[in-house]
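Architecture and fold: a report
As a plain string of letters, each chain reads:
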Amino acid sequence: MKSSENSYREYFNKVKSNWDKIAKPLDSLGKLESLVAKLGAIQQTEHPVCKKSCLVVLCADNGIVEEGISQSDQSVTRICAENIAAKITTAGIMASKVNCEVLTYDVGINTSEKLPGVIDRKICKGTKNFLKEPAMTKEQMKQAISLGRQIVSDCKGKGFNIMCVGEMGIGNTTTSAAIAASLLKADGSVAAGRGAGLSDEGLQKKIRVINEAIKKYDLYNQPASVVLQTVGGFDIAVMAGIYLAAKEFNMPIVLDGIISLAAALVAERMEKGTVDYLIPSHKGQEPAVKLLCQELVLSPVIDAAMALGEGTGAVLFLGILDTAIEVYEKSIPFSESKIKQYERFK
């Protein structure tokens, strides 16, 4: 085991041990105790924090929209990106409640305009229609992953101690479902959901598009990088880069729903152990969410049937995580409570 892995486990165990000294039944805060310990392991401290947080929202268009797999056209991505940057959407309102700074990035919106409040890191004006050709070139994929690392570096430099990820891009429940189905070697019908509200006919078209792409490119037998390049989106590729950089910068990343989880599987397949730096938040509605969580051994806390995206689940969980940390730091210990400490039996 490498030294960094030893250090990670050491801090995780220290925080877990500290939980046992608090005057309450052992493991009585369930998943929250393990997630606070995970946060400490990532930040390399017995006193984890999430007071200075940011939400990185990655906005990009997807060429697969040409196939009619969404109710909306690509113009909606640009409109929503502007609204997210103006902090007038759900994610912005939620973020303001927990003092989380919203950073909105254009990583591939199909427009030549400079959008107010949106950070311009455009790789290309949307991906290609993956049913006709790979979504992006190998060079574009590498650029996106590199951009993800740069975003983490920038956030670390600004003093953020935890990052949430979100996205906006019409068609990205199709790209994420295609990635999930390919890497899990599952049929498109198992991974694809209704996204922003597809009809029965629309859902069947979505499933057909995914299955045709898997067959066309033999995606069950391709590595994660090829799957990402072939059917992914720029939002997913940048997210994967963010995750891959998390260990380097000791930066915990709070996941959102299906898109962020698909990117997490890509990153984990590219570099084993990446998932150790990722914090799950909520169980989204898309069918692939359950499959991806099982594969990544992630157990989200919030089960509210949310399906909005933008990082809403991640930001909502920040408040819960911060409360759990307060309990961890401020609760009376057994040594001061006149109660005998509970023993842990194997």
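Thresholds applied
The residue numbers shown here count from 1 along each chain, following its written sequence. Totals for whole chains, interfaces and linings use every residue, but because this is a predicted model, local features are given only for residues with pLDDT of at least 70 and side-chain atom pairs only at 80 or more, for both listing and counting. Values reported for side chains reflect all heavy atoms of the structure, with hydrogen atoms and water molecules removed beforehand. Secondary structure elements are defined from DSSP: runs of H or I of at least 4 residues count as helices, runs of E of at least 2 residues count as strands, and each element is numbered from the N terminus. In this setup the radius of gyration rests on C-alpha atoms only. A globule is expected at 2.2 Å times the number of residues raised to 0.38. Areas reported here follow the Shrake-Rupley algorithm with a probe of radius 1.4 Å; residue values treat only the protein chains shown as occluding. Counted as positive: Lys and Arg. Counted as negative: Asp and Glu. His and the chain ends are not counted at all. By convention, the point assigned to a charge is CZ for Arg, NZ for Lys, CD for Glu and CG for Asp. Here a pair means two rings of Phe, Tyr or Trp (six-membered ring of Trp) with centres within 6.5 Å. Their orientation is stacked below 30 degrees between planes, edge-to-face above 60, and tilted elsewhere. Throughout this description, buried means an accessible area under 20% of the type-specific maximum (1.4 Å probe, protein chains only), exposed means over 50%, and partly exposed covers the range between. A ring is scored as having a charge over it whenever the NZ atom of a lysine or the CZ atom of an arginine sits within 6 Å of its centre and within 35 degrees of its normal. Only when DSSP finds a minimum of two bridges between them are two strands counted as paired. In what follows, a disulfide is any cysteine sulfur pair within 2.5 Å. Every residue pair with non-hydrogen atoms within 4.5 Å of one another is taken to be in contact. By this rule, a helix spans an expected 1.5 Å times one less than how many residues it contains. For this document, the term salt bridge refers to a Lys or Arg side-chain nitrogen within 4 Å of an Asp or Glu carboxyl oxygen.

1. Thoughts on the overall build of the protein
Scanning the protein from N- to C-terminus turns up 14 helices and six strands. A compact globule built from 346 residues should have a C-alpha radius of gyration of about 20 Å, and the protein, at 20 Å, falls within 12% of that. Seen through its C-alpha atoms, the protein measures out along the principal axes to roughly 70 × 40 × 40 Å. Approximately 14,800 Å² of the protein is accessible, and the part contributed by carbon and sulfur atoms is 51%. The averaged location of the 39 negative side-chain charges in the protein is 3 Å from the averaged location of its 41 positive side-chain charges.

2. Describing the packing of aromatic side chains
Per the stated rule, a full pass over the model turns up three aromatic pairs. Arranged with centres 5.2 Å apart and planes meeting at 55°, the rings of Trp19 and Tyr328 form a pair that is tilted. Of the two residues, Trp19 is situated in helix H1 (residues 3-20) and Tyr328 in helix H13 (residues 312-330); the sequence distance between them amounts to 309 residues. Taking the centre distance of 5.5 Å and the plane angle of 90° together, the rings of Phe334 and Tyr342 count as edge-to-face. Taking the relative accessible area as the measure of exposure, Phe334 reaches 4% and is therefore buried. Positioned above the aromatic ring of Phe12, the side-chain terminus of Arg9 is 4.9 Å from the ring centre. Positioned above the aromatic ring of Phe160 is the side chain of Lys52, whose terminal nitrogen or guanidinium carbon lies 4.6 Å from the ring centre.

3. Quick notes on the sheet that holds strand E6 (residues 278-279)
Pairing is parallel in the open sheet, where six strands are placed in the order E3-E2-E1-E4-E5-E6. This sheet does not close on itself; its edge strands, each paired only once, are strand E3 (119-120) and E6.

4. With respect to the state of the cysteines
Counted by the stated rule, this structure contains zero disulfides. Looking at Cys54, it has no disulfide partner, and the nearest cysteine sulfur is the one in Cys155, 3.7 Å off. Counting only cysteine sulfurs, Cys59 is the nearest neighbor of Cys80, a cysteine outside any disulfide, at a range of 8.5 Å.

5. Describing the side chain of Asp106
Mapped onto the fold, Asp106 is located in strand E2 (residues 100-108). Not counting residues up to four positions away in its chain, the partners in contact with Asp106 are Cys59, Val118, Ile119, Asp120, Arg121 and Lys122.

6. With respect to the side chain of Thr89
Within the secondary structure, Thr89 sits in the loop between helix H3 (75-85) and helix H4 (90-97). Setting aside residues no more than four positions away along its own chain, Thr89 makes contact with Asn83, Ile84 and Glu310.

7. A short note on the pairing of strand E1 (residues 53-60)
On a regular strand, each side chain points to the face opposite its neighbour's, so the side chains alternate between the two faces of the sheet. In terms of burial, E1 is largely enclosed, as eight of its eight residues are buried. Side chains Ser53, Leu55, Val57 and Cys59 of E1 all project onto a buried face; the interleaved residues Cys54, Val56, Leu58 and Ala60 project onto the opposite face, where all are buried too. With eight bridges connecting them, E1 and E2 associate as parallel partners. Across the sheet, residue Leu55 finds its bridge partner in E2, namely Val102.

8. Looking at helix H9 (residues 224-231)
Working note: α-helix, 3.6 residues per turn, so residues spaced by three or four point in the same direction. Most of H9 sits inside the fold, with six of its eight residues counted as buried. For H9, the full list of buried residues reads Ala224, Val227, Leu228, Gln229, Thr230 and Val231. In this structure, the buried residues of H9 make contact with helix H5 (138-157), helix H6 (172-184), helix H8 (200-217), helix H10 (234-246) and helix H11 (258-270).

9. Digging into the environment of Ala23
By secondary structure assignment, the location of Ala23 is in the loop between H1 and helix H2 (31-43). Taking relative accessible area as the criterion, Ala23 reaches 26% and is therefore assigned partly exposed. Residues Ala23 and Ser331, spaced 308 residues apart in sequence, show a C-alpha to C-alpha distance of 7.4 Å. In contact with Ala23, other than residues within four places in its own chain, are Ile332, Pro333, Phe334 and Ser337.

10. Examining H13
Look at H13: 28 Å from first C-alpha to last across 19 residues, which is about the 27 Å you get at 1.5 Å a residue. Burial in H13 covers these residues: Thr312, Gly313, Ala314, Val315, Phe317, Leu318, Leu321, Asp322, Ala324, Ile325 and Tyr328.

11. Here we look at the pattern of salt bridges
Pairs may arise between side chains of opposite charge once their charged atoms sit close together. Tallied over the entire structure, the rule returns 14 salt bridges. For Glu33, the salt bridge is made with Lys24, and the minimal N-O distance between the two is 2.5 Å. With its nearest N and O atoms 3.0 Å apart, the salt bridge here joins Arg344 to Asp27. A residue pair is termed long-range when its members are at least 10 positions apart, and Arg344 in the segment after helix H14 (334-337) and Asp27 in the loop between H1 and H2 qualify at 317 residues.

Nothing here speaks to function; it is geometry throughout.
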